[in-house]
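Overview (structure and organization)
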Amino acid sequence: MATAVLHFIFQLSTGDLFPAAFVRALLCLTVLLGTNFSQAQPRSAAPEGQTKQLELKEIAEHGNHALAASDYATAEQDYKRLLRLGMRSASVYSNLGVVYLRTGRFDQAINVLLKAKNVAPSVAGIRVNLGLAYFRKHDFKAAASYFGNALDSKPDNLQARYLRGVCDFMLDNFTAAVKDFEPLQTDESNDLEYLFMLGTSYGMLKRTDDSLRTFKRMVEAGGDSPHLHLLLGKAYLALGQYDKAEPELNRATKGDSLPFAHYYLGVLKGQTGHPDEAAMEYQKEIDIDPTNIFAYKDLAEIRLDEADADAAVAILEKGVAQNPHTPELLATLGRAYLRTSRHERAILVLRKAIALSPEVGSYHYQLGRAYLKAGRRAEANAEMALARSLTSEAPEGKMGALSKDQEIIETR
Amino acid sequence: MTGLGQSYKVIVERTFLCLIAVGSLTRVLAQERCIRSHVQHNRPKAVPISLSTPDRLADMPWWPTKGTPAREEYVGTKVCETCHRMKVASQALTEMAKASTRSPDPAVLDALPALTFRQGFFTYEIERQGDAVLASVTDGDSSVARPLLFAFGKGIVGHTYIYRADGKFYESHVSYYSAIRGLDLTTGHLQSAVPSLEQTLGRLLQPQEVQKCFGCHTTAATTSNHFEPDQSFAGVTCEACHQPGAKHVQAMMAGQIERGKRLIFNPARLDPAESVDFCGACHRTLGDVIQMDVTGVPTVRFQPFRLEESHCWIRSMGKLTCLTCHDPHKPLAQDASSYDHICIQCHSQPGDHKQQIHPILQCKVGRRECVNCHMPKVEIPGMHHAFVDHSIRIQKDVGYFPN
């Protein structure tokens, strides 16, 4: 075990081989967010009378109570009622945003949080929540900007600093990531994810000694825990060292309780050409965590590859029932419906996916294809044109390898 | 009698009026039909819709890289040659036919300087050992050498080598580049030192990835949905595009000519979008690029996608396909002026545009070697080669690469 870890540390210290984009993608799936949202302070917006003010206060307290008890449906109902009654305060908008965030409705969260920000532009917590909403949408650039805004007014906001560091890490901006992570060393010194990102960032910046020191601490802090084995397994997986990744991921799955352990073992099995075993691991992951959208998606992709579109549809319908606001699952379900010639159903779910993420060109492409199959040529053309324009407007640098090659060539 | 006479008169009058009305109506309808026909004639048809290769593979009975037919269904070029001698001979000279070579020809190495490349502590070498070609890497203390299985690439840009170790396929970490007559890092591989020599020599290819590589660089590497590259034909051969030919040959030999014709796939009969997507099965379609969400300079290698981004494609409603300029049975014409007549077909006389679907501009600068200006070459960093950008355009800003 020690040899394996040291070997792993050595690999990370070699720096530029580490496929950052893949690590980011892996990490992106597992970062657990500490969403310490502030509770709304009931504050009426010019109520007409004492009785109404009391009523508003009561509803706000009821909503806050429901939010604290994770009863999101009740909380949403209360906050919406307050808005209908004319109480347009920052705390109501903000807490409704938190409800949307926690129920995975990120666009709706952004919408109300922007309203909260307009009412109370100086409140740092609202900007942190906005950053979180963008973070959960994987728009790390926008998220980093909001976390930065929050830090401008409140530099000691550790949550904002940590999350901006994660965004920087995801965006390959390792210098900025280290700058944000380093001040947190005391507070986060036992957080394995944090140490993993900091150590990797040092490695990328060729700060070998710092990288080795950080990974040594990660191994000490992780002990023989499944979490450490998961991180090591993921790292080996990213490096393409499947023979070393497998035992680590097997250790991570012991106890069958750690989310993503079976998922990554499934990824490994899939990448090494064992789709049946991969499918079994994805199913185990779903049994442990029915909200893991990636497990549903990858399991369905295996069935689609096997030309078993009906099985894929069944998996995805279950996934969508568990995670109704996930555009990736809806879009894959649309694709699976198309394979089973259920064109109208495909159109329906693809429209839902686009309503949630209108900026994704491939969803418009799939909808265009669904229209085409349904014989609705004009609508197909319109969607394809949209897909085309969205692809054309995609930011430069999506092929990260290109800019990396450029840098390497220049420094060679 | 008077009553009857009057009635008769009325009937005649009404009949006469009716005839006039019918005549007028017929004339109006004819005019309308004429107008509608004119409008229809001038109205642009729908823009062809490009689909992704996985969608084409799922929808079409035959499509390049399809791995469903059995090995026995393939006959090989020697059999095709018996009837299509000229076509096969000409196709053998194309770049596609040379998309791969099984076990690189050792004689080629004799004509080159020593192929070595140094990176950090490691020295790479592609060397001849008897009849085999080996790729090796050493860190000074120990070394690893593997016999090369395939060389991918037609040699204009260079070659990337494929080898096998422990039943797994690897892509060599270094490639041969024609422009520098030497080795450099393989495109997409990051420059770094890695701990194991095996990993330093090459990158492990994942099963799906290696299947795709062989799918486009060889013929029949995947049959009956099983990947078996040892039984493949090197390069893109007849059956990579026209589908496996055993049934076609059988019917033709039995004198069932019409049936035989139906048993071979003729890509020339595809509609414009299908035709460009057909080439895009390996060269990438617009649908593929949308699904991949890739932008920027690397897309210059995806010629069908770049063509489908061109005004010439969009505004001509697919009149211009890959086949307009390229004959897949003949080597690629390298002389820029050899394409002029195709451009001139549309961009000819100033007055001609009135006859066309859309106004076509005549070039104010020149009438020769159009592609040199309107299809500029773009170099992908690290590839030591400039690729012709198939996004045909008026260059307003030299060096600008439209996404």
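Computed from a predicted structure; not experimentally measured.

About the thresholds
- Residues numbered from 1 in each chain as written.
- Chains lettered and ligands numbered in written order.
- Predicted model: local features only at pLDDT ≥ 70, side-chain atom pairs only at ≥ 80, totals over all residues.
- Heavy atoms only, no water.
- Helix = DSSP H or I, 4+ residues; strand = E, 2+ residues; numbered from the N terminus.
- Polar contact = N/O pair within 3.5 Å; in protein donor to acceptor, adjacent residues only side chain to side chain.
- Contact = heavy atoms within 4.5 Å.
- Patch = residues over 30% accessible without salt bridge, like charges linked within 9 Å, V, L, I, M, F, W, Y side chains within 5 Å.
- Areas by Shrake-Rupley, 256 points an atom, 1.4 Å probe, with all protein chains shown as cover.
- Salt bridge = Lys/Arg side-chain N within 4 Å of Asp/Glu carboxyl O.
- Lys, Arg positive; Asp, Glu negative; His and termini not counted.
- Charge placed at Lys NZ, Arg CZ, Asp CG, Glu CD.
- Buried < 20%, exposed > 50% of the residue type's maximum accessible area, 1.4 Å probe, protein only.
- Phe/Tyr/Trp six-rings, centres within 6.5 Å; stacked < 30°, edge-to-face > 60°.
- Lys NZ or Arg CZ within 6 Å of the ring centre and 35° of its normal.
- Pairing = 2+ DSSP bridges.
- Core = buried A, V, L, I, M, F, W, Y, C linked by side-chain atoms within 4.5 Å.
- Expected span 1.5 Å × (residues − 1).
- pLDDT = per-residue confidence, 0-100.
- Axes fitted to C-alpha atoms, helices over the stretch in contact; angles between N-to-C directions.
- Parallel < 35°, antiparallel > 145°, perpendicular 65-115°, else oblique.
- Left-handed = near helix turned anticlockwise from the far one by under 90°.
- Nonpolar A, V, L, I, M, F, W, Y, C, P; charged D, E, K, R; others polar.

Residue and element names in this part refer to chain B. Turning to its location among the elements, Ser310 is positioned in the loop between α13 (303-308) and α14 (311-314). There is a polar contact of 3.0 Å between the side chain of Ser310 and the backbone oxygen of His390. Here Ser310 is in contact with His390, Ser391 and Ile392, once residues within four sequence places are set aside.

What follows covers a positive patch on the surface. All names here are of chain B. Together, Lys154, Lys212, Arg284 and Arg301 line one region of the surface with positive charge. Position of Arg284 relative to the elements: it lies in the loop between α11 (272-283) and α12 (286-292). Since its relative accessible area comes to 30%, Arg284 is described here as partly exposed.

Turning next to the packing of aromatic side chains. For the structure on display, the rule yields 22 aromatic pairs over all chains. On the numbers, 5.7 Å between centres and 15° between planes, the contact of B:Phe265 with B:Phe278 is stacked. A residue pair is termed long-range when its members are at least 10 positions apart, and B:Phe265 in the loop between α10 (257-262) and α11 and B:Phe278 in helix α11 qualify at 13 residues. The same class applies to B:Phe265 and to B:Phe278, which are both buried. Sitting over the ring of A:Phe196, A:Lys234 keeps its end group 5.9 Å from the ring centre.

Another aspect to go through is the pairing of strand β5 (residues 143-152) of chain B. Residue and element names in this part refer to chain B. The pairing of strand β1 (residues 100-102) with β5 spans three bridges and is classified as antiparallel. Among the inter-strand pairings, Ser100 is bridged to a residue of β5, identified as Phe152. As paired elements, strand β4 (residues 132-138) and β5 share five bridges and run antiparallel to each other. Within the sheet, the bridge partner assigned to Thr138 lies in β5 and is Ser143. Counting the residues between successive antiparallel strands, the hairpin from β4 to β5 contains four residues, one of them, Gly140, with a positive phi of roughly 105°. Across four bridges, the pairing between β5 and strand β6 (residues 158-165) is antiparallel. Across the sheet, Phe152 pairs through a bridge with Thr160, a residue of β6.

In this section: the nonpolar core. Core analysis: the largest hydrophobic core is formed by 68 residues, its most contacted members being A:Tyr79, A:Leu82, A:Phe135, A:Phe147, A:Tyr162, A:Phe181 and A:Met218. Among the nonpolar cores identified, the runner-up in size contains 61 residues, and A:Ala252, A:Phe260, A:Leu333 and A:Ala387 belong to it.

The subject of this paragraph is the pairing of β4(B). Residue and element names in this part refer to chain B. Burial analysis of β4 places five of its seven residues in the buried class, which makes it a mostly covered element. The pairing of strand β3 (residues 122-129) with β4 spans seven bridges and is antiparallel. Bridging from a neighbouring strand, Arg128 pairs with Val133 of β4. Count of turn residues in the β3/β4 antiparallel hairpin: two residues, of which Gly130 carries a positive phi of about 65°.

Here the focus is the pattern of salt bridges. For the structure shown, the criterion picks out 31 salt bridges over all chains. Here A:Lys284 and A:Glu281 are joined by a salt bridge, their closest N and O atoms 3.8 Å apart. One end of the pair is A:Lys284 and the other is A:Glu281, both in helix α16 (residues 275-288) and three residues apart, which spans about a single turn. Classification of A:Glu281 by relative accessible area gives buried; the value is 9%. Where B:Asp59 meets A:Arg369, a salt bridge forms, and the shortest distance between an N and an O atom there is 3.5 Å. Highlighted residues: B:Asp59 in helix α2 (residues 53-59) and A:Arg369 in helix α21 (residues 361-373), drawn from two different chains. On the accessibility criterion, B:Asp59 (33% relative accessible area) is partly exposed. Judged by relative accessible area, A:Arg369 falls into the buried class, the value being 4%.

All right, on to helix α20 (residues 343-356) of chain A then. Taking 1.5 Å of rise per residue, 14 residues should cover 20 Å, and α20(A) covers 20 Å from first to last C-alpha, within 8% of that figure. Residues of α20(A) that are buried: A:Ala346, A:Ile347, A:Val349, A:Leu350, A:Ala353, A:Ile354 and A:Leu356.

Here we come to the environment of B:Thr101. Residue and element names in this part refer to chain B. Following the sequence through the fold, Thr101 ends up in strand β1. Given a relative accessible area of 35%, Thr101 falls into the partly exposed group. Distance from Thr101 to Glu72, taken between C-alpha atoms, is 22 Å for residues 29 residues apart in sequence. Beyond its immediate sequence surroundings of up to four residues, Thr101 is in contact with Leu149, Phe150, Ala151 and Ala234.

With that settled, the discussion passes to the confidence of the model for chain B. Residues and elements named next belong to chain B. Scored by pLDDT, chain B has a mean of 83; 81% of the residues are at 70 or more. Ignoring residues within four places in sequence, the model shows residues 28-44, a span with pLDDT below 50, making three contacts including any to other chains. For this predicted complex, the interface score ipTM comes out at 0.74, alongside a pTM of 0.72.

Residues and elements named next belong to chain A. As a packed pair, helix α8 (residues 140-153) and helix α9 (residues 158-170) sit with axes 9 Å apart at the nearest point and diverge in direction by 150°. The angle between α8 and α9 places the two elements in the roughly antiparallel class. As α8 runs across α9, the sense of the crossing is left-handed. Residues Phe140, Ala143, Ala144, Phe147, Gly148, Ala150 and Leu151 of α8 touch α9, and the partners they reach there are Ala160, Arg161, Leu163, Arg164, Cys167 and Met170. Along the lines of polarity and charge, the residues of the contact of α8 with α9 split into ten nonpolar, one polar and two charged.

Okay, the confidence of the model for chain A next. Per-residue pLDDT for chain A averages 80, and the proportion of residues at 70 or more is 81%. Ignoring residues within four places in sequence, the model shows residues 393-412 of chain A, a span with pLDDT below 50, making 31 contacts including any to other chains.

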